[in-house]
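Each chain, written out:
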Amino acid sequence: MSDRARVLKGLQLDGLTMAPPQVLGGVRLVPLLRDSQRDDLRLSRRVYPENFACVEVDPKTVYTSYVPHGLVANWTTDGGAVYGSQMSQAAKKKDGKSYGQFITARNMSCRGLRKMARREGKTQLRFLPLHVAMEGLLALHFGGPDIAWTEYSTAVMRSGLSPRSETVVSGDQIAGLDDALRLFEIHENQVGMLIFVSDDLASAFVVPHRDDYAALHHTLITDFYGELIWQYGFYATENRIAPEPIDVDSIDSIADLRREIDALRTRWSEMNAMMAPAMINRVYRSERVYRFKPFNLERFISDLDPSAENHIGEAIYADDGTLQYMKTYRLSSSQTRRAYLLSQLAGHDWNLELCALALGCRKNELILRLENAGFGYMLHQHVLDGARAKEKRLLS
Amino acid sequence: MQTRDELYAAQKEASEREDLILFINTCFAATGQTEYYSSRSCGQVSIDFLHRYVLANYRTVYRRVLAAGVNDFNRARMVLNLLAAGAPTDKAGRDEEGKLLSATLRGLPANRVFALFARLRKAKINNRRSRAVVRDYLRWRSNPAFDAVKYRTKVRVAARHAHLDLGREIGHFLFRLKDQKHFETPLFDSFLRAHYSKQAVYELPYSVAEGFASRHEIPRLEFLRKIEPQMTHAEKQRMQSTAERVGIEKPISDMSRTPLTKLATYVIGLPIEQRRNRVAELHDALNAAAEKALRKRPLNIGKVAAVLDRSRSTWGSRERRRRPLAVAVAVHYLLAASANEMRSFWSPSRIDDSTAVAAHDHVLLVEAGGQTDLGSPLLAAIEWQPDNIIIVSDGYENAPADAVAQIVHAYRKRLSRTHPIAFIHANPVFDPDHFSPKPLGGSLTTIGLRDAEDLGASLGFAKFASGEASQTQLETYLGKLSADLIGDSHV
């Protein structure tokens, strides 16, 4: 493991408190509050009006997606407040295509971007939220097999798994999310939010400063979410989960009443944490994407256990270990399956026999599993046909 | 030991009482407009259902609610439904309903009544009683010529629909305007001349003149300056901000004439710098309005704490801008002006940290924002040990949810022996999903509140809403109110 990668035991939301949630229909929004915030890192939004964007990851690889906006980080190295982050909000271009920070004129062209995270000045970094993490997922063992096993198709031997693609759902497709975000009442010290759809963690979002949150709150609707969350949105109904009520019998004075209400708030916080087990219980592999002193932009991916919920995401940590920015994405089960199979294959040098042995199944079964997961193009047609025929004979 | 019949009778009464409380609370709060949390169409379906249901099952109560001081929107709707339903068969009921209808119409603003008449035609309601009601109303109006000009289309629709003879001159004005060369009535004559004379435009009511002004292409600035004497009080007030924007002198509107909640809505709608600059003037105006409201209907509830919501949802909707916040501000001023000792406790906001506010403070500077944390101000209010706590909120509590209900429940159970406090929740927002203003949990009574001025009337219903009084008492109470209303209008 290089110095750029590390393993995290859960995503600790240190220094952040979870406030009681606001529930609308099937969407539960848990505000994350921070009491003391640092002023030396600020995020703001940059709108990309094009229909899609091509990002040059390295000279041979291009990442293409719908990218509604990028985030721009401004920081200071001496810990002082970021100068001008407020003014960049107010900047008005007089190009006839924009109003405030909204672009009014749309054209069909593609935006070409260089790098997921690109330094734009001494203390300015532009990166594409969630796409940093998604690119990491897509690049997982992207190169294909290192040894020329005979089962693999010539296309894979020549160019790896290119092109790899995943489908995601934009936030406005999720039933009820738009209303919930619109009606949400932002807290005073709020710097983040956990989004639950059908009481399942859809995304976590944290920014460094409360004013940044107020400005970026509505971008949650343009972010992308897992297909699973989209499905949950449809059958989610209003849910009423509440922690244990206050203990009436223990109250003998108004001070007791106040104490009990404080305890109730704590119980809400505990319950929110309990409802997001993926934040605490999972093991994450984290990898540094960009270093800008004293901060690190990292992307992380959970251990891809197909039986549990899995998240990918990106985060900015300060050198003192505090979380400054985070955005996560819940993988759908098919995405998890694909990533899991790839990581297992890579772990066994792409040897199908060994991998099948490790997974506890027959080689032919593994071949069919690969095909079902959408990796049929990796293997020669006669290998697939053979596996299918043999499995059929076994079943009959 | 209760027999089964007695049990059923008791249950029936309880459910009937619930129906009626639901309806009356709704009639105080619902306006058929978009709310922060719900859409317009959703609200209207819900209100419609409730009206039909109560009319079909409890007709006597339904008509008597007209006298209970519920809002104009619901009164107009009730009149329409009663007219559509036809007259009751028993004579006493018929008499009472007729008198209530005419008294209600006379209490409603004219524009609402004429809109109601237009709806009669659209709904194809044209029974003998509805024709008589329209006829009597138009006969009662003091200045039919003015009505005919200002509400020309609607009066014409009503007259045609109800087969009315309004007299030769008005008839010609409404139906044969183009054949006329001359009118005896000066206002009709001005209307005729305004078609070609710019000068005659300024003799007309403002809303009518506006149309002619655009026809003559009179510059807006010039028009506003010259039409000012013709503006009504409400129109002048609406014009205030526009006047400032287009750069003419603001029309002098007498703030002392504006009712409290309306004034509060106006003040809260001003930009915060303007409110700061004029704080003394606005504060005095609100105080004066509150005192005036109290002279009409005194309020005596002892030492009182108001727990007021200023979360983001109190900005209201596009149609009801800042209404919930304005009601909360108006309640503060109303209680402050009453002789009672009072203090108000505001929910925490993003902008301002102060929670407890004394009676004489400048409350009009509040801004809405942040989450609905009613628990903290309620605890502060309880510590102050008042006799009454009035909570004004839209019923959506989220930081944490259900805290108010638990605090009230715990206080009642454990602490009220040393110092009893009466809790009440007044809600200015209708929640269509639950056919009533949204309650704050089961342990305290929720009442609908239209304007802050009606706090007394709404509190009158609180004992029914809490289930202490029986249905018979409710009906007697309504009967007394309606007898008062009929008596008043026929003196």
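Residues numbered from 1 in each chain as written. Chains lettered and ligands numbered in written order. Predicted model: local features only at pLDDT ≥ 70, side-chain atom pairs only at ≥ 80, totals over all residues. Heavy atoms only, no water.

Per an unreviewed UniProt entry, chain B goes by the name TROVE domain protein and belongs to Novipirellula aureliae.

Taking an unreviewed UniProt entry as the reference, chain A is identified by name as ARG and Rhodanese-Phosphatase-superfamily-associated domain-containing protein belonging to Novipirellula aureliae.

1. Re the nonpolar core
Counting residues in hydrophobic clusters, the biggest one holds 81 residues, and the most contacted among them are Leu 105, Phe 117, Phe 173, Phe 223 and Leu 478 of chain B. Excluding its chain neighbours within four sequence positions, the residues that come into contact with Phe 223 of chain B are Val 201, Tyr 202, Tyr 206, Ala 209, Glu 210, Ala 213 and Ile 218 of chain B. (Core = buried A, V, L, I, M, F, W, Y, C linked by side-chain atoms within 4.5 Å. Buried < 20%, exposed > 50% of the residue type's maximum accessible area, 1.4 Å probe, protein only. Contact = heavy atoms within 4.5 Å.)

2. Some thoughts on the domain arrangement of chain B
All names here are of chain B. Parsing chain B into structural domains produces domain 1 (15–257) and domain 2 (261–459). For domain 1 versus domain 2, the distance between C-alpha centres works out to 31 Å. Tallying the contact residues gives 33 residues for domain 1 and 35 residues for domain 2. Taking both partners together, domain 1 and domain 2 bury about 2700 Å²; carbon and sulfur atoms supply 58% of that area. Sorting the residues of domain 1 by area buried against domain 2 places Tyr 36, Tyr 37 and Met 255 first, and these three jointly supply 25% of that buried surface. Remark: the boundary between domain 1 and domain 2 carries two salt bridges. (Domains from an automatic or database assignment. Buried area = accessible area lost by both parts, 1.4 Å probe. Salt bridge = Lys/Arg side-chain N within 4 Å of Asp/Glu carboxyl O.)

3. Some words on the pairing of strand 21 (residues 323–330) of chain A
Residue and element names in this part refer to chain A. Counting buried positions over the eight residues of strand 21 gives eight, a clear majority of the element. Where strand 16 (residues 200–206) meets strand 21, two bridges bridge the pair, whose relative direction is antiparallel. Considered in strand 21, the bridge of Val 206 is made with Met 326. Relative to strand 21, strand 20 (residues 311–318) runs antiparallel, the two being bridged by seven bridges. Looking across to strand 21, one finds that Tyr 317 is bridged to Leu 323. Hairpin connection, strand 20 to strand 21: the antiparallel pair is bridged by four residues, and Gly 321 has positive phi, about 90 degrees. (Helix = DSSP H or I, 4+ residues; strand = E, 2+ residues; numbered from the N terminus. Pairing = 2+ DSSP bridges.)

4. With respect to the interface of chain A and chain B
Listed per partner, the contact involves 26 residues of chain A and 30 residues of chain B. Between chain A and chain B, a total of about 2700 Å² is buried, with carbon and sulfur atoms accounting for 56% of that surface. Among the residues of chain A in contact with chain B, Glu 185, Glu 188 and Ile 254 of chain A are the three that bury the most area, contributing 24% of the side total. Summed over the shared surface of chain A and chain B, the result is four salt bridges. Of the charged contacts, one joins Arg 265 of chain A and Asp 373 of chain B as a salt bridge, the two residues approaching to 3.4 Å between their closest N and O atoms.

5. A word on the sheet that holds strand 5 (residues 422–427) of chain B
Residue and element names in this part refer to chain B. The mixed open sheet is built from six strands, whose spatial order is 3-2-1-4-5-8. Edge positions in the sheet fall to strand 3 (356–358) and strand 8 (445–448), since each of these pairs with one other strand and no more. On average, each strand axis in the sheet is inclined to that of its neighbour by 25 degrees, with strand direction left out of account. Pairing analysis gives five bridges linking strand 1 (residues 304–308) to strand 2 (residues 342–346), with the strands arranged parallel. Bridging from a neighbouring strand, Ala 305 pairs with Arg 343 of strand 2. Packing of helix 19 (residues 323–337) onto the sheet brings it into contact with strand 1, strand 2, strand 3 and strand 4 (388–392), and relative to strand 2 it is tilted by some 160 degrees. (Axes fitted to C-alpha atoms, helices over the stretch in contact; angles between N-to-C directions.)

6. Concerning the packing of helix 16 (residues 260–269) of chain B against helix 18 (residues 279–296) of chain B
Residues and elements named next belong to chain B. Running from amino to carboxyl end, helix 16 crosses helix 18 at an angle of 160 degrees, the nearest separation of the two axes being 9 Å. Relative to helix 18, helix 16 is oriented roughly antiparallel. The two elements helix 16 and helix 18 cross, and the hand of that crossing is left-handed. In contact with Leu 260, Leu 263, Ala 264 and Val 267 of helix 16, helix 18 contributes Leu 282, Ala 285, Leu 286, Ala 289 and Ala 290. Residues that form the contact of helix 16 with helix 18 fall into these classes: nine nonpolar, no polar and no charged. (Parallel < 35°, antiparallel > 145°, perpendicular 65-115°, else oblique. Left-handed = near helix turned anticlockwise from the far one by under 90°. Nonpolar A, V, L, I, M, F, W, Y, C, P; charged D, E, K, R; others polar.)

7. As for the packing of aromatic side chains
Counted according to the given criterion, the structure contains 34 aromatic pairs over all chains. Each ring, one from Phe 49 of chain B and one from Phe 435 of chain B, has its centre 5.3 Å from the other, and the planes form 50 degrees; the classification is tilted. Separated by 386 residues along the polypeptide, Phe 49 of chain B in helix 2 (residues 40–57) and Phe 435 of chain B in the loop between strand 6 (430–431) and strand 7 (436–437) bring together distant segments of the chain. Three or more aromatic residues joined by ring pairs make a cluster, and in this case those are Phe 114, Phe 117, Tyr 137, Trp 140 and Tyr 151 of chain B. The positively charged end of Arg 6 of chain A is found above the aromatic ring belonging to Tyr 317 of chain A, 4.9 Å away from the centroid. Note that Lys 327 of chain A overlies the ring of Phe 205 of chain A, its terminal NZ or CZ placed 4.3 Å from the centroid. (Phe/Tyr/Trp six-rings, centres within 6.5 Å; stacked < 30°, edge-to-face > 60°. Lys NZ or Arg CZ within 6 Å of the ring centre and 35° of its normal.)

8. As for the packing of helix 9 (residues 333–347) of chain A against helix 10 (residues 352–359) of chain A
Residue and element names in this part refer to chain A. The interhelical angle for the contact between helix 9 and helix 10, taken along N-to-C directions, is 120 degrees, at an axis separation of 9 Å. As far as their axial angle goes, helix 10 and helix 9 are oblique. Viewed along their axes, helix 9 and helix 10 form a crossing whose handedness is right-handed. Counted together, Tyr 340, Leu 341, Gln 344 and Leu 345 of helix 9 and Leu 352, Cys 355 and Leu 359 of helix 10 form the full contact between these two elements. Split by residue class, the contact of helix 9 with helix 10 holds six nonpolar, one polar and no charged.

9. Some remarks on the pattern of salt bridges
Think of it this way: side chains of opposite charge can pair up when their charged atoms draw near. All names here are of chain B. Within this structure, the stated rule accounts for 57 salt bridges over all chains. As a salt-bridge pair, Glu 16 and Lys 12 come within 3.2 Å of each other at their nearest N and O atoms. Taken as a pair, Glu 16 and Lys 12 lie in helix 1 (residues 4–29) at a separation of four residues, close to a single helical turn. With a relative accessible area of 17%, Glu 16 lands in the buried category. A salt bridge links Arg 40 to Glu 319; the shortest N-O distance between them is 2.4 Å. With Arg 40 in helix 2 and Glu 319 in the loop between strand 1 and helix 19, this residue pair connects regions lying 279 residues apart in the sequence.

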